[in-house]
Amino acid sequence: MTVPTKVTLTFDNGQPPIELPVLAGNLGPNVIDIRDLSKLGFLTYDPGFMSTASCNSSISFIDGEAGLLYYRGYPIEQLAQHSDFIEVSYLLIHGELPTSEEKVAFDKTMRRHTMLHDQINTVFRGFRRDAHPMAVLVGVTGALSAFYHDSIDVFDARNREISAYRLIAKVSTIAAMSYKYNMGEPFVYPQNRLGYAENFLYMMFSMPSEPYVVNPVAARALDKILVLHADHEQNASTSTVRLAGSSGANPFACIAAGMASLWGPLHGGANEAVLKMLEDIGDVSRIPEYINRAKDKSNSFRLMGFGHRIYKNMDPRAAVMRQTCHELLNELQLTEDPLFKIALELERIAAQDEYFISRKLYPNVDFYSGIVFRALGIPPSMFTAIFALARTVGWVAQWNEMLAENNHRIGRPRQHYNGAARRDYVPVAERV
Ligand code: CMC
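Trainee: Whenever I open this one, the overall build of the protein chain confuses me. Can you help?
Mentor: Check the secondary structure of the protein chain and you find 17 helices and six strands. Relative to a compact globule of 432 residues, whose C-alpha radius of gyration would be 22 Å, the protein chain shows 24 Å and is just as compact. By element, 53% of the accessible surface of the protein chain is carried by carbon and sulfur atoms, the whole surface being about 22,500 Å². For the protein chain, the distance from the average position of its 42 positive side-chain charges to the average position of its 46 negative side-chain charges is 4 Å.

So, in structure tokens, the structure goes:
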């Protein structure tokens, strides 16, 4: 069927119909341009924004039915197989894959930006030792604007670029420091001879008292997680970054706002829930009991890490993560670990059980990333923080795309008001 160029909105009160233009997407659904509706006294109602395109974007694309995720047009499977996080960061920010010279220069720039202003150590000291790493990450990332004033002219392209680089490089250092602080261990400075994922693992796990060599298998697995989580269209945290940034707010505050949104259990917290569930199950012999609970409609329990709101046939990220997960467990000789045995058995049963097959409930990316994190020795409290490292790239790319638009405007959603009509103030003594 050809794409319509306009749609007609008719009214049942005799009001003349209105024609609305249709914007054809390069991929995905076509979009009805409703911008003129408000001039005619109408708004659209779409809580959860399931039918609303909030912006033009050329960064990432998802087709949930077909199980596709593209970054700048490149399928995620190809990027996960052939690329790495730094190259993907360049792609998301600049729109094209770098040439080899551009890649070397970008990598060097990223490595040069990993250090934090020394005074930031004292910002950490204000937090309780038992603070959740995400609380610290949100706070310290927001505080960066107090240290890097020289790059916060958001209407200057070069300033935006420098802020983007600073954020991507420094968020990794902050996340590792938030873990060290939580553990009561000394902060470890970044080593710029190391790549992004390697450096992060080094800052998390090394101690000044002895040499530490990052396991390359672990670094590769983490790099893959970062690639897979770098961007995902206009999800809650990305939309938060765009809305915060639409007022001209500084980039550090906007990314901190995105992190706060990501921290919510409905967004970035699912892989933590997977690990908790595996621990609750405790033993392979108890799996049937949990499967039965998941199928029981009178029980609210769901198998964590199964199903997806958008990917109904296959989450392409889960397919990549599954392979990484199996390779890692084999390479680290962890297949006999009781928790991993439970995970592998759950995966096997769900693939054969009619309930899961008929509802297209496959293990999602969080199921596998939770297991990979556990295999790497990363505690559940750090899972969302690592997701935030990866997504910082998508956030800055989306924020930059919005500010670079010629017709950029502050975001200002409207509402369907259902409160009281006008009424007069009643003095307190007269209220009943
Ligand atoms: N365990 C058992 N049954 C399930 C599950 C599950 N994990 N997920 C869905 N179902 C059933 C559900 O009960 C319903 O059954 P019926 O048709 O008999 O009523 C059917 O499958 C369809 O479920 P739905 O609630 O319409 O699906 P949804 O698209 O609204 O929910 C979901 C998607 C991800 C919220 C849900 O599958 C779920 O709660 N999964 C567990 C939590 C989880 O792993 N979340 C992470 C998702 S990935 C996040 C990301 O991409 O970043």
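Trainee: I keep staring at the side chain of Glu-87 and nothing clicks. Help me out?
Mentor: Tracing the backbone shows Glu-87 in helix α2 (residues 85–94). A relative accessible area of 15% places Glu-87 in the buried class. Residues in contact with Glu-87, not counting those within four places in the same chain, are Leu-97, Pro-98 and Lys-103.

Trainee: I would appreciate a short explanation of the packing of aromatic side chains in the present structure.
Mentor: Aromatic ring pairs: the centre-centre distance and the angle between the two ring planes describe each pair. All chains considered together, the criterion is met by 17 aromatic pairs. Both rings, one in Tyr-90 and one in Phe-106, keep their centres 5.2 Å apart while their planes meet at 85°; by these two values the pair is edge-to-face. Here Phe-106 lies in helix α3 (residues 100–112) and Tyr-90 lies in helix α2, a separation of 16 residues in the sequence. Looking at Tyr-90, the relative accessible area reads 12%, which means it is buried. Looking at Phe-106, the relative accessible area reads 4%, which means it is buried. Joined through ring pairs, the aromatic side chains of Phe-306, Tyr-355, Phe-356, Phe-367 and Tyr-368 make up one cluster. A cation sits over an aromatic face here: Arg-129 above Tyr-181, 4.1 Å from the ring centre. The ring of Phe-301 carries the charged tip of Arg-293 above its face, separated from the ring centre by 4.5 Å.

Trainee: Even after reading the chapter, I still don't get the pattern of salt bridges, so can you show me in this structure?
Mentor: Two side chains that carry opposite charge are able to pair once their charged atoms sit near each other. Inspection of the entire model under this criterion finds 20 salt bridges. For the salt bridge of Glu-87 with Lys-103, the shortest nitrogen-to-oxygen distance reads 3.7 Å. Linking Glu-87 in helix α2 with Lys-103 in helix α3, this pair joins segments that are 16 residues apart in sequence. Between Arg-128 and Asp-130 there is a salt bridge, with the nearest N and O atoms lying 2.7 Å from each other. Neither residue differs from the other here; Arg-128 and Asp-130 are each classed as exposed.

Trainee: Hey, could you run me through the sheet that holds strand β3 (residues 31–32) in this one?
Mentor: Across a sheet, strands are paired by hydrogen bonds formed along the backbone, either parallel or antiparallel in direction. Strand order in this open sheet of three strands is β1-β2-β3, and the pairing throughout is antiparallel. On the outer flanks of this sheet lie β1 (6–9) and β3, each paired with one strand and no other. As paired elements, strand β2 (residues 18–23) and β3 share two bridges and run antiparallel to each other. Its bridge partner lying in β3, Val-22 is registered against Ile-32.

About the criteria used
- Residues numbered from 1 in each chain as written.
- Predicted model: local features only at pLDDT ≥ 70, side-chain atom pairs only at ≥ 80, totals over all residues.
- Heavy atoms only, no water.
- Helix = DSSP H or I, 4+ residues; strand = E, 2+ residues; numbered from the N terminus.
- Rg over C-alpha atoms; globule rule 2.2 N^0.38 Å.
- Areas by Shrake-Rupley, 256 points an atom, 1.4 Å probe, with all protein chains shown as cover.
- Lys, Arg positive; Asp, Glu negative; His and termini not counted.
- Charge placed at Lys NZ, Arg CZ, Asp CG, Glu CD.
- Buried < 20%, exposed > 50% of the residue type's maximum accessible area, 1.4 Å probe, protein only.
- Contact = heavy atoms within 4.5 Å.
- Phe/Tyr/Trp six-rings, centres within 6.5 Å; stacked < 30°, edge-to-face > 60°.
- Lys NZ or Arg CZ within 6 Å of the ring centre and 35° of its normal.
- Salt bridge = Lys/Arg side-chain N within 4 Å of Asp/Glu carboxyl O.
- Pairing = 2+ DSSP bridges.

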